[in-house]
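If you want the building blocks of each chain, they are given just below.
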Amino acid sequence: MGQVLVACQRCGDLLDVVYDWERARPPRSLREFESLWGRRREPACYSGVWRFQRLLPFCSPEEIVTVGEGQTLFQRADAVARYVDVQPGCLFLQYEGMNPSGSFKDNGMSAAFTHARMTGATRAACASTGNTSASLAMYCAMTRLMKAVIFIGSGKISYGKLSQALDYGALTVQLSGDFDDAMARVREISGELGIYLVNSINPFRLEGQKSIMFRVLEALAWDPPDWIVVPGGNLGNSSAFGKAFAELKMLGLVPRVPRLAVINAAGADTLYQLYEQRGMRWNGGHTAMQVADGYFRELDATDQKASTIASAIEINRPVNFRKCLRALETCDGVVRRVTDQEILDAKAQVGAGGVGCEPASAASVAGAKLLRSQGVIAADDRVVCVLTGHQLKDPTATVAYHTTDQDQFNQVLGSRGVRRASYANRAVAVPNDLGEIIKAIRLYS
Ligand code: F0G
């Protein structure tokens, strides 16, 4: 096969996967997918991505690469509903932390890997805040189809994620700089060395990530919710969700499209600034990119770098920005930003329900709460918050939130403007003495 491109060689814009639906023969009803449940022994039916292959028909069934991704949990969460202030039964968590590498990235990686194999690639690369790299490293290690080369900003990745890349044997390049620097470099390097790039600028990643929405619909018996709320970093997920709904709508497979809320961290809020503050819109593809260019020049002139405890979304130059604008148009979307304090409080509330998540994921719940307080989300709206990554990805942030050690709290969180841990579950220190232990249990339980 020829050259592998992720961007148009003339205008530099990202490519999109477009299907000839007449030839692809999509299902007539989403219910048709239910018949595949009984065939779970077949890897493509077991996979929560490839079960929906007829909605991402870029390869033949024999070409699929799967490690069993997409076995996720959709949970009604009434305690979180109370926190967000919607009615019981109205708030759901789509828990993508159950994927084999612990984040939603596996959905897209299985699709990108499938395409990479179709092109005969032997090496695959990404820049990452940690989850893409963990996922790539895992697919390489499990399938032995390719070698992983990953680029991470130094000191910018949580230990849970770094440990995965190292454990799974990826060539791990620590760059002095942040994710935005690493992203720019990896594009250059993969072009130069002909390495297959698996960041979400790769349109096949987004094809896989559409399946997150298919599973949400499946869990709701194909009745679309009112809202999908998702954290925004590089904006691959939000772009993929918008594409999924645009296609479902065009194919007549859903009665309506949910609204999309993309939530930035306040310290990495490019989408919020450009969409909500400066009014940028998709505008039929005629996006006023000079507005974005001006914004990035301002960031450069003042040397502003992304900074948030939610390291997964510590990104100022989201590569899928334009596709996300398209998704926001498709889904009548809104963008909000939430502080690290709001993120960690929401994360503690999610954790208290037993479905723990990493900080970036909790931005969705914090964002839903904010939108509810602004009256944008109504009390009886059905809201799905996507929890993008597993709780164990970033234990440092969690432990610092719950700690009794003020120095630890200040070092990890105080430096980021977090002042309180309102929902902390503090460990109880007791001497090794039976009487004291019993006293403590009586006192606290
Ligand atoms: N949540 C988590 C846990 C993530 O790891 C990421 C992105 C996002 C949200 C944002 O998603 O980019 O689709 O808007 N992590 C990337 C990485 C950048 O390298 O692992 P997005």
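Calculation criteria
- Residues numbered from 1 in each chain as written.
- Predicted model: local features only at pLDDT ≥ 70, side-chain atom pairs only at ≥ 80, totals over all residues.
- Heavy atoms only, no water.
- Helix = DSSP H or I, 4+ residues; strand = E, 2+ residues; numbered from the N terminus.
- Buried < 20%, exposed > 50% of the residue type's maximum accessible area, 1.4 Å probe, protein only.
- Contact = heavy atoms within 4.5 Å.
- 1 Å grid on protein atoms, 1.4 Å probe; cavity = no way out; pocket = protein on both sides within 12 Å on 5 of 7 lines; lining within 4 Å.
- Points joined across faces, edges and corners; volume = space filled by probe spheres on them.
- Domains from an automatic or database assignment.
- Patch = residues over 30% accessible without salt bridge, like charges linked within 9 Å, V, L, I, M, F, W, Y side chains within 5 Å.
- Areas by Shrake-Rupley, 256 points an atom, 1.4 Å probe, with all protein chains shown as cover.
- Salt bridge = Lys/Arg side-chain N within 4 Å of Asp/Glu carboxyl O.
- Polar contact = N/O pair within 3.5 Å; in protein donor to acceptor, adjacent residues only side chain to side chain.
- Nonpolar A, V, L, I, M, F, W, Y, C, P; charged D, E, K, R; others polar.
- Near = heavy atom within 4 Å.
- Sits in = over half its atoms within 2 Å of the grid points.
- Buried area = accessible area lost by both parts, 1.4 Å probe.
- Axes fitted to C-alpha atoms, helices over the stretch in contact; angles between N-to-C directions.
- Parallel < 35°, antiparallel > 145°, perpendicular 65-115°, else oblique.
- Left-handed = near helix turned anticlockwise from the far one by under 90°.
- Phe/Tyr/Trp six-rings, centres within 6.5 Å; stacked < 30°, edge-to-face > 60°.

Once that is clear, we can look at the environment of alanine 111. Tracing the chain through its elements places alanine 111 in helix α4 (residues 105–119). For alanine 111, a relative accessible area of 0% puts it in the buried group. As for alanine 111 and glycine 208, which are separated by 97 residues in sequence, their C-alpha atoms are 5.1 Å apart. With near-sequence residues (within four places) excluded, alanine 111 lies in contact with Trp50, Phe58, Phe204 and Gly208.

The volume enclosed by the largest pocket comes to roughly 550 Å³. Taken together, 23 residues form the lining of the largest pocket, with Asp13, Leu14, Arg187, Pro318 and Val319 sitting closest to its centre. Mapped by element, the contributors of at least two residues to the lining of the largest pocket are α7 (179–193), α11 (289–301) and α12 (321–330). Ranked by residues supplied to the lining of the largest pocket, first place goes to α7 with five residues. Of the residues that make up the lining of the largest pocket, three or more belong to each of domain 1 (21–66 + 105–205) and domain 2 (73–101 + 207–395).

A few words now on a nonpolar patch on the surface. Together, Val428, Val430, Leu443 and Tyr444 make up a nonpolar patch on the protein surface, roughly 420 Å² of accessible area in all. Mapped onto the elements of the fold, tyrosine 444 is located in helix α17 (residues 434–444).

Structurally, asparagine 199 is set in the loop between β6 (196–197) and α8 (203–219). The class for asparagine 199 is buried, based on a relative accessible area of 2%. A distance of 2.7 Å separates the side chain of asparagine 199 from the backbone oxygen of alanine 127, its partner in a polar contact. Look past the residues within four positions of asparagine 199 in its chain and what remains in contact with it is Ala125, Cys126, Ala127, Phe179, Met183, Val186 and Arg205.

Under the criterion given, the structure shown has three cavities of 30 Å³ or more. For the largest cavity, the calculated volume is near 310 Å³. Of all elements in the fold, only β3 (123–128), α5 (131–143), α8 and α9 (236–250) reach the threshold of two or more residues within the lining of the largest cavity. For the lining of the largest cavity, the leading source of residues is α9, giving three residues. In terms of residue class, the lining of the largest cavity is made up of nine nonpolar, 17 polar and three charged. In this structure, the lining of the largest cavity is formed jointly by two domains, domain 1 (21–66 + 105–205) and domain 2 (73–101 + 207–395), each of which donates at least three residues. Taken together, Ser128, Thr129, Gly153, Lys156, Asp178, Phe179, Ser311 and Glu314 form the lining of the second largest cavity.

This brings us to the site of the ligand. Ser128, Asn131, Gly233, Asn234 and Thr388 are the nearest of the 21 residues found near the ligand. Contact distances for the ligand include 2.8 Å between an oxygen atom and a side-chain N or O atom of asparagine 131. Look at the ligand: alone it shows 480 Å² of surface, and the protein chains cover 99% of it. Placement of the ligand is best described as lying within the largest cavity. Only α5 and α9 provide two or more residues apiece to the shell around the ligand.

Once that is clear, we can look at the domain arrangement of the chain. Once the domains are mapped, the chain shows domain 1 (21–66 + 105–205) and domain 2 (73–101 + 207–395). Taking only C-alpha atoms into account, the centre of domain 1 sits 21 Å from that of domain 2. Each partner contributes to the interface: domain 1 provides 42 residues, whereas domain 2 provides 39 residues. The junction of domain 1 with domain 2 conceals about 3,300 Å² of combined surface from both sides, 53% of it contributed by carbon and sulfur atoms. If you sort the residues of domain 1 by the area they bury against domain 2, Leu30, Asn107 and Asp180 come out on top, with a joint share of 18%. The interface formed by domain 1 and domain 2 holds four salt bridges in total. Residue lysine 305 pairs with aspartate 181 through a salt bridge whose shortest N-O separation is 4.0 Å. Run the count over domain 1 and domain 2 and you get 26 residue pairs in polar contact (both at pLDDT 80 or more). At the level of elements, α4, α5, α6 (159–167), α7 and α8 are the ones that each hand at least two residues to the side of domain 1 that touches domain 2. The greatest single-element share of the side of domain 1 that touches domain 2, amounting to five residues, is contributed by α7.

Bringing the packing of helix α10 (residues 270–277) against α12 into the picture now. Relative orientation and spacing of two packed helices are given, respectively, by the angle between their axes and the distance between those axes. Contact geometry for α10 and α12: axes closest at 12 Å, N-to-C directions at 50°. Taken together, the axis directions place α10 and α12 in an arrangement best described as oblique. Where α10 crosses over α12, the handedness of that crossing is right-handed. Together, Leu271, Leu274 and Tyr275 of α10 and Phe321, Cys324, Leu325 and Leu328 of α12 make up the contact between the two elements. Across the contact of α10 with α12, the residue classes break down as seven nonpolar, no polar and no charged.

So, about the side chain of glutamate 314. Mapping glutamate 314 onto the fold places it in the loop between α11 and α12. Aside from chain neighbours lying at most four places away, what touches glutamate 314 is Lys156, Phe179, Ala268, Ala306, Ser307, Thr308 and Arg416.

Per the counting criterion, the structure on display carries nine aromatic pairs. Seen in terms of ring centroids, phenylalanine 52 and phenylalanine 214 are 5.4 Å apart; in terms of plane orientation they differ by 50°. Their pairing is tilted. Highlighted residues: phenylalanine 52 in the loop between α2 (43–46) and β1 (73–76) and phenylalanine 214 in helix α8, separated in sequence by 162 residues. Phenylalanine 214 carries the same exposure label as phenylalanine 52, and that label is buried. Look at tyrosine 83 and tyrosine 423: their rings are 5.7 Å apart centre to centre, the planes differ by 90°, and that puts the pair in the edge-to-face class. One end of the pair, tyrosine 83, is in helix α3 (residues 78–84); the other, tyrosine 423, is in the loop between α16 (406–412) and α17, with 340 residues separating them in the sequence. Using a relative accessible area of 36% as the deciding quantity, one classes tyrosine 423 as partly exposed.

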